[in-house]
Amino acid sequence: MLLAILVWLLSFGIVGLFAIKRWWFPDPINALARDFDSHFALTAILTGGIFLIAHLILGYCIVRFRDRGEQVKQFDPSTKMELGWTIAGTVLFVGLAVASARIWAGVHMTVPSQNALRIEVLGKQFAWSARYTGPDGKLGRTSVKFINDANGNPFGIDDADPAGKDDIVTSTVRVPVNTPVLLTLRSRDVIHNFFVRELRIKQDAVPGMEIPLPFIADKPGTYEVACSELCGLGHHQMRSTLVVMTQEDYDQWQKQMLEQLRQQQ
Ligand SMILES: [Cu+2]
């Protein structure tokens with residue numbers, strides 16, 4: 001009896017921990033992140049409900065079929081019941097997987113809009129850098145020969161290419177609110193991972209590859225970008241911020257950065 005009570009208490013306690021949402025995700029900042037959250041909630045409610053029912057029955061069985069000194073009775077398995085829960089389980093899991101594939105495709109298979117703001121994001125041991133095109137809309141040529149972290153050139157922008165003259169390089173990723181953004185993720189050394197919790201996005205940056213990552217953020221604020229792939233001894237320090245700004249603030253910031261560039265040249 002005590003064991004049954006313990007099983008019931010434990011199962012209610014575990015479900016309760018989820019239900020009170022005390023330790024939960026930070027607020028989402030776009031439509032796909034909100035879709036992700038509703039799908040997570042649906043999965044949690046379904047699996048939590050099944051978990052609770054299963055453990056209530058388990059506790060009941062502990063009480064009902066405890067050893068009372070009687071002879072053990074054989075239970076005839078029912079094919080119908082077995083078929084029933086196998087089919088129900090399959091429908092449930094396949095259904096959830098299909099529903100979640102739509103959200104996944106929304107993040108990874110969306111064709112970015114033609115006029116998306118293009119930002120190149122580079123991961124290296126152990127920092128993130130971002131590069132913007134400047135007014136010409138073009139990123140300048142790069143080469144490993146010109147990489148110079150001390151000089152603020154982590155991308156290795158070639159000075160001989162005029163298209164690179166107005167490229168803005170920063171250590172944070174700044175984007176205007178409600179604007180389609182297309183990040184191109186690159187890595188200079190090992191695999192890193194660009195992770196923004198509020199976007200519910202996690203994408204590897206792989207050396208030798210240029211990985212597109214489109215998104216729109218609809219809530220201004222400063223959000224942490226954490227490297228989410230163990231990439232070496234300094235992995236824990238590899239963080240940056242995603243700053244979502246109003247269009248006016250963004251334009252203002254871009255103007256300031258271009259002014260600074262002009263003064264340096
Ligand atoms: Cu990393």
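Predicted model only: the values in this text are computed from it and were never measured. (Residues numbered from 1 in each chain as written. Predicted model: local features only at pLDDT ≥ 70, side-chain atom pairs only at ≥ 80, totals over all residues. Heavy atoms only, no water.)

Quick word on the sheet that holds strand β6 (residues 192–196)
Which entries qualify depends on this criterion: Here the rule is simple: two strands pair whenever DSSP picks up at least two bridges between them. Each helix is a run of DSSP H or I of at least 4 residues and each strand a run of E of at least 2, with the numbering of both proceeding from the N terminus. Orientation is described by lines fitted to C-alpha atoms, with helices fitted over the stretch in contact, and by angles between N-to-C directions that extend from 0 to 180 degrees. Working rule for contacts: check all heavy atoms of both residues, and any pair within 4.5 Å makes them a contact.
Pairing in this open sheet of five strands is mixed, and the strands run β4-β10-β9-β6-β7 from one edge to the other. Sheet topology places β4 (173–176) and β7 (201–205) at the edges, where each strand pairs with a single neighbour. Averaged over all pairs of adjacent strands, the angle between their axes in this sheet comes to 20°, without regard to strand direction. The pairing of β6 with strand β9 (residues 221–227) spans three bridges and is classified as antiparallel. Note that in β9 the partner of F194 across the bridge is C227. Those strands touched by helix α4 (residues 247–264) are β4 and β10 (239–245), and its axis lies near 130° from that of β4.

As for the pairing of strand β1 (residues 117–124)
The criterion, for reference: When accessible area is computed with a 1.4 Å probe and restricted to protein chains, residues below 20% of their type maximum are described as buried, those above 50% as exposed, and intermediate ones as partly exposed.
Among the eight residues in β1, six count as buried, and that is most of the element. The sheet contact formed by β1 and strand β5 (residues 181–187) spans seven bridges and is parallel. Opposite L122, over in β5, you have R186 as the bridge partner. As judged from the six bridges shared by β1 and strand β2 (residues 127–132), these two strands associate in the antiparallel manner. Residue pairing in the sheet places G123 in a bridge with W128 of β2. The loop that links β1 with its antiparallel partner β2 comprises two residues.

Some details on the packing of aromatic side chains
Applicable threshold: Only centres within 6.5 Å qualify two rings of Phe, Tyr or Trp (six-membered ring in Trp) as a pair; their planes then separate them into stacked at under 30 degrees, edge-to-face at over 60, and tilted for everything else. We count a charge as sitting over a ring when the NZ of a lysine or the CZ of an arginine lies within 6 Å of the ring centre and within 35 degrees of the ring normal.
Evaluated as defined, the whole model comprises seven aromatic pairs. The interplanar angle of 90° and the centroid separation of 6.5 Å between the aromatic rings of F18 and W24 together place this pair among those described as edge-to-face. Of the residues examined, F18 reaches a relative accessible area of 45% and is grouped as partly exposed. Take W24: its relative accessible area is 31%, and that puts it in the partly exposed class. Ring centres of Y250 and W253 lie 5.6 Å apart, and the angle between their planes is 45°; this geometry places the pair in the tilted category. In this pair, Y250 and W253 are both assigned in helix α4, three residues apart and thus about one turn of the helix distant. Relative accessible area serves as the criterion here: at 8%, W253 is assigned to the buried category. Taken together, F18, W24, F25 and F40 form an aromatic cluster joined through their ring pairs. One cation-aromatic arrangement involves R131 over F155; the distance from NZ or CZ to the ring centre is 5.2 Å. Taking the ring centre of F195 as reference, the NZ or CZ of K202 above it sits at 4.6 Å.

Some words on the pairing of β9
Summarising the sheet, β9 and β10 pair through six bridges and their orientation is antiparallel. When the bridges of β10 are listed, V225 appears paired with S240.

A few points about the coordination of the copper ion
So the rule is basically this: The rule for donors is simple: N, O or S, within 2.8 Å of the metal, or within 3.2 Å if the metal is Na, K or Ca. Water isn't counted, so a site may look like it is missing partners.
Bound to the copper ion on the protein side are H192 (ND1), C227 (SG), C231 (SG) and M238 (SD), at distances that span 2.1 to 2.5 Å. In primary sequence terms, the donor set of the copper ion follows H-x34-C-x3-C-x6-M. Note that C227 is positioned in strand β9 and M238 in the loop between β9 and β10, a separation of eleven residues in sequence. Overall, the relative accessible area of 1% leaves M238 in the buried class.

With respect to the sheet that holds strand β3 (residues 168–170)
Reading across from one edge, β3-β2-β1-β5-β8 is the order of the five strands in this open sheet, with mixed pairing throughout. Both edges of this open sheet fall to β3 and β8 (211–215), since each of them pairs with a single strand only. Averaged over all neighbouring strand pairs, the angle between strand axes comes to 25°, with direction disregarded. Taken together, the three bridges between β2 and β3 define a ladder with antiparallel strand orientation. Directly across from R131, in β3, lies its bridge partner V169.

Comments concerning the pattern of salt bridges
If the charged atoms of two oppositely charged side chains come close together, the side chains can form a pair. Formally: Any carboxyl oxygen of Asp or Glu within 4 Å of a side-chain nitrogen of Lys or Arg constitutes a salt bridge here.
Counting across every chain of the model gives 13 salt bridges. For D149, the salt bridge identified is with K124, shortest N-O distance 3.3 Å. Placement of D149 in the loop between β2 and β3 and of K124 in strand β1 is noted, with a sequence separation of 25 residues between them. The buried category is assigned to K124, whose relative accessible area is 11%. Across the pair R197 and E198 runs a salt bridge whose closest N-O atoms are separated by 3.7 Å. You can call R197 partly exposed: its relative accessible area is 39%. By relative accessible area, E198 is classed as buried at 8%. Here the salt bridges do not stand alone but share partners, grouping E120, R131, D167 and R186 into one network.

So far we have only geometry, and geometry alone does not tell us how the molecule works.
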